[in-house]
Amino acid sequence: MAKLKINMTMGVIAFLFTYLFSFLNNTWQTSLFRAIGGFIIFFLLGFVLSFILKQLAGNKNVSLEEEPKLVVENNSEIEKDHPKVEELTEEPGFQAVPLHSLHHQGNGK
């Protein structure tokens, strides 16, 4: 019911503005015809926009309704059942370098 009121309000506002601006340069019949067209377009556009917003809101809610993933605090139980497997990587891991050693190398001091 509220959606219909909002769409009617949008349609009436579009009708009034279209009629007033069209009346300045056209006959009242042409202005009335264009105002009715504006009412219909804005009335239907309200339904289309509400449908799109519901679809967007529905997609966001689906991701919130998913089952939470299990977070393991202690890995000791998993390690007992599954021994560690070393994964070979082609690139070596990140090695931290202190910033002060980078700044003092090039100065020659």
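A quick note: this is a predicted structure, and the numbers were derived from the prediction, not measured.

Calculation notes
- Every residue gets a number counted from 1 within its own chain, in the order that chain's sequence is written.
- Since the coordinates come from a predicted model, pLDDT governs what is reported: local features require at least 70, and pairs of side-chain atoms require 80 or more to be given and counted, while whole-chain, interface and lining totals use all residues.
- Values reported for side chains reflect all heavy atoms of the structure, with hydrogen atoms and water molecules removed beforehand.
- Counting from the N terminus, the helices are the DSSP runs of H or I reaching at least four residues and the strands are the DSSP runs of E reaching at least two.
- For each residue, the accessible area found with a 1.4 Å probe, counting protein chains only, is set against the maximum for its type, and the residue is called buried under 20%, exposed over 50%, and partly exposed in between.
- The contact criterion used throughout is that any non-hydrogen atoms of two residues lie within 4.5 Å.
- Only the protein chains shown count as covering a residue, and every accessible area follows the Shrake-Rupley method with a 1.4 Å probe.
- N or O atoms within 3.5 Å of each other form a polar contact, as long as, within protein, one can give a hydrogen and the other can take it, and as long as residues adjacent in sequence are counted only when both atoms are side-chain atoms.
- Residue count minus one, scaled by 1.5 Å, sets the expected span of a helix.
- Picture the helix axis, draw a direction to every C-beta atom, and the arc is the one those directions span.

Caption draft 1: Structural detail: the overall build of the protein. When helices and strands are counted, the protein shows 4 helices and 0 strands. Counting from the amino terminus, the protein carries its helices and strands in the arrangement α-α-α-α. Looking at the protein as a whole, 9% of its 109 residues qualify as buried. Counting only contacts in the protein whose residues sit at least 6 apart along the sequence, the fraction spanning at least 24 positions is 56%. A total of about 10,500 Å² of accessible surface is found on the protein, and carbon and sulfur atoms cover 65% of it.

Caption draft 2: Highlighting the side chain of S22. Relative to the assigned elements, S22 resides in helix α1 (residues 2–23). Only 3.0 Å separates the side chain of S22 from the side chain of N26, close enough to count as a polar contact. Residues in contact with S22, not counting those within four places in the same chain, are S31 and R34.

Caption draft 3: Representation of α1 within the structure. With 22 residues, α1 extends 31 Å between its outermost C-alpha atoms, agreeing within 8% with the 32 Å of an ideal straight helix rising 1.5 Å per residue. Considered for burial, the residues of α1 that qualify are N7, G11, A14 and S22. One side of α1 holds all its buried residues, which, seen down the axis, span an arc of 65 degrees. For α1, the exposed residues lying more than 90 degrees away from the buried face are A2, K5, I6 and L20.

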